[in-house]
Amino acid sequence: MINSKYIYVENNEVYTSLNAASWTKFQELNKTVISIDYFENQFYVILADGLYISDDLKIFSLINSDYTQGYLFHDDNNLYVVQDNKIFNIQTGVENIVKLNIDSIEYIQTYFYATVGNLIYKSNDLKNFYLVKTNFDADMSNLRLLSDMNRVIVYFNDSSNVLHYRICTNTINLAYWNDTQNINNTFSSLINGKFLYNDQAYSKTPIYTEDRSFDKIVKVKANGQSKVEALTSFVPSSFQVQWERNSTNQLAFTAYDDGSLAFSMLGVEAQIVFNGQTFVVKDAEPDYSGGIPTIAVTATHIYNEIGRIRQYSTKTGTLTYSVQDVLSFYLDNNPDNSLGFTYKVYGDFDKQQITDLGNNSGSDMLSQISSTWPEATIFPNNKCIGVYTHDAFTKNFGGRIDFGNNASEVKMTIDSTSIINRVKCIGKEKDTTDDSSDTANDTVTYYFDPFFVQDDSSVNNWGVHLGADVNDDRFSDVDSMKAYALTQLTPEPSIAIDVTYSGNEMPIPGEQKRIEIKQGNFVSFVSVIGYTWYPFDSTQTTDLEFENLTATILNSQANLNSRLEMVQQLAQKALSKANSTTTNYISQTDPSANNTVSTGDIWTRVIDATEGSDS
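One structure accompanies this document, and this report is about it. (Residues numbered from 1 in each chain as written. Predicted model: local features only at pLDDT ≥ 70, side-chain atom pairs only at ≥ 80, totals over all residues. Heavy atoms only, no water.)

1. Things to note about the overall build of the protein
Okay, so step 1: When helices and strands are tallied, the protein shows 7 helices and 43 strands.
Okay, so step 2: Within the span of the protein, comprising 615 residues, buried residues form 46% of the whole.
Okay, so step 3: Across the protein, the fraction of contacts at a sequence separation of at least 24, relative to all contacts at a separation of at least 6, is 59%.
Okay, so step 4: Accessible surface computed for the protein: about 30,200 Å², of which carbon and sulfur atoms make up 46%. (Helix = DSSP H or I, 4+ residues; strand = E, 2+ residues; numbered from the N terminus. Buried < 20%, exposed > 50% of the residue type's maximum accessible area, 1.4 Å probe, protein only. Contact = heavy atoms within 4.5 Å. Areas by Shrake-Rupley, 256 points an atom, 1.4 Å probe, with all protein chains shown as cover.)

This is the structure in structure tokens:
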């Protein structure tokens, strides 16, 4: 899709915007568009002879010649077209007839909002529509809605056909709208146009190269000062860099007083620049006991300063967000973001539900992202907050970890506390509210009854481990809910791997390496999620921490076969040493219970292939 947050398409022209207020012409199409929508990573376009699909708005493929007019829109699962008073589900062919001649319609959070003249109606089922009482002016016409999760924007023409817009920050109840604002644009009408919000506008796939060189000049800047000095008096063996995924990102060292200006600049809130990244001193411990004054410094990465900004507003209720939505709510157009934090999102994240987002700090924002999208890695480039999917953060340069060769110690910790193999699923509630009625209906009904989902293999191996309910208002279909809930399970224990590397090379966060332990018949690929590195002391080895693996890897058939072969070899060695009167009892049970066993006899206990699979 076009890499812009806001897109407007009318006739054969495409316009883009970064703020939804100022628009510029992006391109002209080779087709005249009647209606357009972006659904499941593709454009759906109604042209004069039918409904087309396109990846890039350059090549169009006809998929249905029945739809030659109307207005395209979608919810989380389906694509629709409205033609006057008829709404068609393009996937299922179901047709709904409504009492309104709808101009446009959009799905915002959990409701469909239709525009008719200068009025807005809402519905949860595309059958029954209820008037939303707004503070709109009488001369507003040709309404078009656009939602970017933080707000809803209505674009409209006035009586002079001049284009304006108004904003509603309550995305659940589109009743009260802010004052009218002018729009900077080169398009003037809203007859056929469609506004699109691209929540993947800044989703990129990074390109990695294996570069283990680093800038060996350490710089310091005193708190509140602009002058930067090179620091040369730190003790090389004391300088260490620590990083742990979504947790620690800091450096520490001890420096001695060499009479330099740089040493005198060391103190709390001073900034240390190492290898292009800025760290802020949070702990400084002077020591005068050894004759030469020293200072021990611990500095955290500057992205931790995001805790100094706040979002005082709250988006009330349980709403559906993308990662970009959360970042934008805290960092875009927020006057309290005076430190200038920005963000980039790498990879595609599913949207998730969050309740009452806001009224807290930037650090709380990062914690919210980590808890809502557990697979996300937050890795900053100074004040630019990078949020990566697992695949986007992982890079493989062919590196190997071989115990006994380039790894002096490998420690594995198996942990079963995180197992979740059974959850209760609760989907979307049906809306029974009638805005025209004074009586309330408190009965809660759902599109499907709540049900349980479990991983049968995990339950067989480890027993039932219940998790918190998966309550997600996006799902009105049982199969879709079940498929999603299965992805939320943690069916196996995890293995944490910590490696003491027999070298001092610069570690790369997210680097995937092949790890082999010949003594344990263990081979796997693991990614770096933490390290301690001594860049200025080659005698100190790098400590690497790798992502958790599932414990099933230790119960593989290869390992089981290896153990069976070992038992057989031991039995054969014993037999070769035995004399002619030695008896070899091959059985599951102790042979002495039913036989006269002599000294030197051998009991070979048969191992079933499934025995011990839970260990």
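There is more to say after this.
2. Considerations on the packing of aromatic side chains
Okay, so step 1: All chains considered together, the criterion is met by 37 aromatic pairs.
Okay, so step 2: Between Phe73 and Phe112 the ring centres are 6.0 Å apart and the planes differ by 80°, which places this aromatic pair in the edge-to-face class. Here Phe73 is found in strand β7 (residues 71–74), whereas its partner Phe112 is found in strand β12 (residues 111–116), with 39 residues between them in sequence. Summarising the burial analysis for this pair, Phe73 and Phe112 share the class buried.
Okay, so step 3: Put simply, the rings of Phe214, Phe234, Phe239, Phe253, Phe274, Trp533 and Phe536 touch in pairs and so form one group of aromatic residues. (Phe/Tyr/Trp six-rings, centres within 6.5 Å; stacked < 30°, edge-to-face > 60°.)

3. A short note on the nonpolar core
Okay, so step 1: Counting 42 residues, the largest nonpolar core has Leu251, Phe253, Leu266 and Ile272 as its most contacted members.
Okay, so step 2: In contact with Leu266, not counting residues within four places along its chain, are Val220, Leu231, Phe253, Ala255, Ile272 and Ile295.
Okay, so step 3: In terms of nonpolar packing, the next biggest core, distinct from the first, is built from 25 residues, Tyr321, Tyr330, Ile354 and Leu357 among them. (Core = buried A, V, L, I, M, F, W, Y, C linked by side-chain atoms within 4.5 Å.)

4. Here's the deal with the pattern of salt bridges
Two side chains of opposite charge can pair, provided their charged atoms sit close to one another.
Okay, so step 1: Enumeration according to the criterion identifies 14 salt bridges in this entry.
Okay, so step 2: In this structure, Glu106 engages Lys194 in a salt bridge whose closest nitrogen and oxygen atoms are separated by 2.9 Å. Of this pair, Glu106 sits in strand β11 (residues 104–108) while Lys194 sits in strand β19 (residues 194–197); the two residues are 88 residues apart in sequence, bridging distant segments of the chain. In this structure, Glu106 and Lys194 share a single accessibility class: buried.
Okay, so step 3: Ionic pairing is found between Arg212 and Glu505, a salt bridge with its closest N-O pair at 3.7 Å. Separated by 293 residues along the polypeptide, Arg212 in the loop between β20 (203–204) and β21 (218–221) and Glu505 in the loop between β38 (494–501) and β39 (511–517) bring together distant segments of the chain.
Okay, so step 4: The class of Glu505 is partly exposed, set by a relative accessible area of 30%. (Salt bridge = Lys/Arg side-chain N within 4 Å of Asp/Glu carboxyl O.)

5. Here we look at the sheet that holds strand β1 (residues 6–17)
Okay, so step 1: Pairing in this open sheet of 3 strands is antiparallel, and the strands run β2-β1-β19 from one edge to the other. Strand pairing shows two members of the sheet lacking a second neighbour, β2 (24–33) and β19, which therefore form its edges. Taking each pair of neighbouring strands and ignoring which way they run, the sheet shows an average axis angle of 35°.
Okay, so step 2: Where β1 lies against β2, 5 bridges are found, and the strand directions are antiparallel. Residue pairing across strands places Thr16 opposite Thr24, the latter belonging to β2. (Pairing = 2+ DSSP bridges. Axes fitted to C-alpha atoms, helices over the stretch in contact; angles between N-to-C directions.)

6. Overview of the sheet that holds strand β10 (residues 95–97)
Okay, so step 1: Strand order in this open sheet of 4 strands is β7-β8-β9-β10, and the pairing throughout is antiparallel. Whereas interior strands pair on both sides, the edge strands pair on one side only; in this sheet they are β7 and β10. Strand-to-strand, the axes of this sheet are offset by a mean angle of 25°, without reference to chain direction.

7. Section: the pairing of β19
Okay, so step 1: A two-sided burial pattern is seen for β19, the buried positions comprising Lys194 and Leu196 on one face and Phe195 and Tyr197 on the other.
Okay, so step 2: Relative to β19, β1 runs antiparallel, the two being bridged by 4 bridges. Counterpart to Tyr6 in the pairing with β19 is Tyr197.

8. Some points on helix α6 (residues 478–487)
Okay, so step 1: Inspection of α6 places Met481, Tyr484 and Ala485 among the buried residues, and these make up the whole buried set. Angularly, the buried residues of α6 cover 100° about the axis, an arc narrow enough to put them on a single face. In α6, the exposed positions angled more than 90 degrees off the buried face are occupied by Asp479 and Thr487.
Okay, so step 2: Check the buried side of α6 and you find it contacts β30 (352–361), β35 (422–426), β36 (451–454) and β37 (470–471).
Okay, so step 3: For α6, the N-terminal cap is Asp477; the gap from its side-chain oxygen to the backbone nitrogen of Asp479 is 3.3 Å. (Arc of directions from axis to C-beta. Polar contact = N/O pair within 3.5 Å; in protein donor to acceptor, adjacent residues only side chain to side chain.)

9. What about the side chain of His301?
Okay, so step 1: Checked against the element boundaries, His301 lands in strand β27 (residues 294–301).
Okay, so step 2: Note on His301: relative accessible area 2%, which makes it buried.
Okay, so step 3: A polar atom in the side chain of His301 sits 2.8 Å from the side chain of Gln277.
Okay, so step 4: Residue contacts for His301: discarding those within four places in its chain leaves Asn249, Gln277, Thr278, Phe279, Pro380 and Asn382.

10. Some details on a nonpolar patch on the surface
Okay, so step 1: A contiguous nonpolar patch, built from Phe452, Val464 and Leu466 and spanning about 310 Å² of accessible area, is present on the exposed surface.
Okay, so step 2: By secondary structure assignment, the location of Phe452 is in strand β36. (Patch = residues over 30% accessible without salt bridge, like charges linked within 9 Å, V, L, I, M, F, W, Y side chains within 5 Å.)

11. Describing unusual backbone geometry
Peptide bonds are, in most cases, trans, and in most cases residues other than glycine have a negative phi.
Okay, so step 1: Its identity is not glycine, yet Leu126 carries a phi of approximately 65°, on the positive side.
Okay, so step 2: Tracing the chain through its elements places Leu126 in the loop between β13 (119–123) and β14 (130–132).
Okay, so step 3: Overall, Leu126 belongs to the buried group, its relative accessible area being 3%.
Okay, so step 4: Unlike most non-glycine residues, Asn246 shows phi in positive territory, near 55°.
Okay, so step 5: With a relative accessible area of 27%, Asn246 lands in the partly exposed category.

12. What to know about helix α3 (residues 362–372)
Okay, so step 1: If you check which residues of α3 are buried, you get Gly362, Met365, Leu366, Ile369 and Thr372. Projected onto a plane normal to the axis of α3, the buried residues spread over an arc of 140° and lie on a single side.

13. Some thoughts on the environment of Phe129
Okay, so step 1: Of note, Phe129 is situated in the loop between β13 and β14.
Okay, so step 2: Residue classification places Phe129 among the buried positions, given a relative accessible area of 15%.
Okay, so step 3: In contact with Phe129, not counting residues within four places along its chain, are Ile87, Val98, Leu100, Ile102, Ile105, Ala114, Tyr121, Lys122 and Ser123.

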